[in-house]
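Observations on the model geometry
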Amino acid sequence: MMLHTMMAAALTGLATLAQAQVPNGYPADYQKIIDGAKKEGKLVIYGATDSKAAAPLIKDFSALYPGISVEYNDMNSTEVYNRFISEVAAGGNTADVMWSSAMDLQMRLASDGYALKYKSVEADKIPGWAMWNEMAYGTTFEPAAIVYNKRLMDAKEVPQTHADFAKLIALPKFKDKVTTYDIEKSGVGFMFMTQDAKENPAFLALENAFGAARVRVQSSTGTMMERISSGENLIGYNMLGSYALVRAKTDPSIGVVLPKDYTLILSRVQFINKAAKNLNAGKLWLDYILSKRGQTVIANGSRLFAIRADVVGETTSAELIKQIGAANVKPVPVHPIILQFLGPVKRMAFLTQWKETGGKK
């Protein structure tokens, strides 16, 4: 009898522990999602966020929901898309959650019917432009930055606007010394450049300046940063400001400019695969990433700039807006409107013009 009583007490204790896991302010029936996720016991994420930046989030999520093992696959933004599409076509296992900085590729998948319609309990805490149809959610607030070598460039040379940058790189000193994304290979690079074409009335002059400088293209911010730090390149364009600002704190060679005419803001888009094996775990993860707790880790652990206005710290949307000025912040919307350059004809025309002007190298 005593054994039964002890077991009952233990089970009651476990039930209480499980109940206590429903975050404050969440509906009581959220417990069903937690229980379902624990039964699934696993979560597979395909992400374009560096493993180093994702690690603090995975660690905190695992502390909050022990028993759910997170398999995080770190790829570049184009690989994330291609791998998911090919695995779905082959009918094999694939990601439960897709999380990528190539906002347009994510929106293509979501609008093509791959995303689960799920209204996050945290949905009303993020800006309206950062959510589409209760399917795709923006999770960060990251600026596109100009990055330069502080040792090899005079402070007076440092460009403060897109027009300044175009003028500067046309100078002989910058030939073979300018870098940006390879927009054919990098999803995020292509998206940034097409958004520039919409925002910058002098975009063709910028492309021609890249041509004069014989721009060197790379597929990742990390590679560009190494080349700028070493002096192989002097200046980089449309680099992920979140990564660059973190690097600048420890690397005295790295300087970062958030352009004063306009600064594009990228938000890493996340959605749950409609056909996910671990649907409940996917919901838990999405809600966690958008929660104040998850966003605080995004800001202060991952250093990716929190999108929520109520998160405090240096790497937050509130701080960035204060720095750049609300009028100059241009968020790329989480919306199918950003797909306009992904159609084969428009994409080819854009890439052809890029190659003929700026992106030969």
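See the structure printed just above.
Notes on the structure follow. Every residue gets a number counted from 1 within its own chain, in the order that chain's sequence is written. Owing to the predicted nature of the model, reporting of local features is limited to residues with pLDDT of at least 70; listing and counting of side-chain atom pairs is limited to 80 or more, with chain, interface and lining totals taken over all residues. Excluding hydrogens and water, the side-chain values take into account all heavy atoms of the structure.

**Some remarks on the packing of helix α7 (residues 187-199) against helix α14 (residues 344-357)**
Closest axis-to-axis distance for the α7/α14 pair is 12 Å, and the angle between their directions is 85°. Taken together, α7 and α14 sit at an angle that is classed as roughly perpendicular. For the pair α7 and α14, contact is made by F190, M193, T194 and A197 and by R347, F350, L351 and W354, respectively. When its residues are assigned to classes, the contact of α7 with α14 shows 6 nonpolar, 1 polar and 1 charged. Fitted lines through C-alpha atoms serve as axes, helices being fitted only where they are in contact, and the angles separating the N-to-C directions of these axes extend from 0 to 180 degrees. Strands are runs of DSSP state E lasting at least 2 residues, helices are runs of H or I lasting at least 4, and numbering of each runs from the N terminus. Relative orientations are named as follows: roughly parallel for angles under 35 degrees, roughly antiparallel for angles over 145 degrees, roughly perpendicular for angles from 65 to 115 degrees, and oblique for any other angle. By the convention used here, residues are in contact when the closest approach between their heavy atoms is within 4.5 Å. Residues are grouped as follows: Ala, Val, Leu, Ile, Met, Phe, Trp, Tyr, Cys and Pro are nonpolar; Asp, Glu, Lys and Arg are charged; all remaining types, including Gly, are polar.

**Let's talk about the environment of L240**
Turning to its location among the elements, L240 is positioned in strand β9 (residues 235-240). Separated by 18 residues in sequence, L240 and G222 have C-alpha atoms that sit 9.3 Å apart. Apart from residues no more than four positions distant in its own chain, L240 is found in contact with E142, P143, Y181, F192, T221, L266 and R268.

**Re the side chain of T49**
The topology assignment puts T49 in the loop between β1 (42-47) and α3 (51-64). Of note is the side chain of T49, whose polar atom sits 3.0 Å from the side chain of R268. In this structure T49 touches A54, Y72, D74, W99, Y243, R268 and L304, once residues within four positions along its chain are discounted. Polar contacts, as counted here, are pairs of nitrogen or oxygen atoms within 3.5 Å of one another; within protein the pair requires one atom able to donate a hydrogen and one able to accept it, and residues that are adjacent in sequence qualify only if both atoms are side-chain atoms.

**Notes on the nonpolar core**
As used here, the term nonpolar core means buried Ala, Val, Leu, Ile, Met, Phe, Trp, Tyr and Cys residues forming a set that is joined through side-chain atoms within 4.5 Å. Residue burial is assigned from relative accessible area. The probe radius is 1.4 Å, only protein chains are included, and a residue is buried under 20% of its type maximum, exposed over 50%, and partly exposed in between. Ranked by internal contacts, the top residues of the largest apolar core, which has 115 residues, are F210, I235 and W285. Of the residues forming this core, the biggest block, 7 residues, is contributed by helix α11 (residues 279-290). When near neighbours in sequence (up to four residues on either side) are disregarded, F210 contacts F165, I169, V178, T180, M193, V215, Y237, W354 and G358.

**Notes on the pattern of salt bridges**
A pairing counts as a salt bridge when a side-chain nitrogen of Lys or Arg comes within 4 Å of a carboxyl oxygen of Asp or Glu. This structure, assessed with the given rule, holds 17 salt bridges. When the shortest N-O distance is used, the salt bridge between E157 and K173 registers 2.9 Å. Highlighted residues: E157 in the loop between β6 (142-149) and α6 (162-169) and K173 in the loop between α6 and β7 (178-181), separated in sequence by 16 residues. For E157, a relative accessible area of 22% puts it in the partly exposed group. Note that K355 is salt-bridged to E184, the shortest N-O span being 3.2 Å. Remark: E184 occurs in the loop between β7 and α7 and K355 occurs in helix α14; sequence separation between them is 171 residues. With a relative accessible area of 39%, K355 lands in the partly exposed category.

**Let's talk about the packing of aromatic side chains**
Any two of the Phe, Tyr and Trp rings considered here, Trp counted by its six-membered ring, make a pair once their centres fall within 6.5 Å; the pair's planes then place it as stacked at under 30 degrees, edge-to-face at over 60, or tilted in between. Evaluated as defined, the whole model comprises 16 aromatic pairs. Of the aromatic side chains, those joined through ring pairs into one cluster are F61, Y65, W99, W285 and Y288. As a reminder, the over-ring test applies to NZ of lysine and CZ of arginine, requiring each to be within 6 Å of the ring centre and within 35 degrees of the ring normal. Positioned over the ring face of F341 is K346, at 5.3 Å from the centre of the ring. In this structure, R347 is placed above the aromatic ring of F190, and the distance from its NZ or CZ to the ring centre is 4.6 Å.

**A few points about the side chain of Q218**
Among the secondary structure elements, Q218 is positioned in strand β8 (residues 216-218). Setting aside residues up to four positions removed in sequence, Q218 forms contacts with T179, T180, Y181, D182, T223, M224 and R227.

**What about the sheet that holds strand β12 (residues 269-272)?**
The mixed open sheet is built from 6 strands, whose spatial order is β2-β1-β3-β12-β5-β4. Edge positions in the sheet fall to β2 (69-74) and β4 (131-132), since each of these pairs with one other strand and no more. In this description, strands pair whenever DSSP reports at least two bridges between them. Direction of pairing for β1 relative to β2: parallel, over a ladder of 6 bridges. By the bridge assignment for β2, L43 is matched with V70. Packing of α3 onto the sheet brings it into contact with β1, β2 and β3 (97-100), and relative to β2 it is tilted by some 170°. Set on the sheet, α11 makes contact with β1, β3, β5 (136-138) and β12; between it and β12 the angle comes to about 155°.

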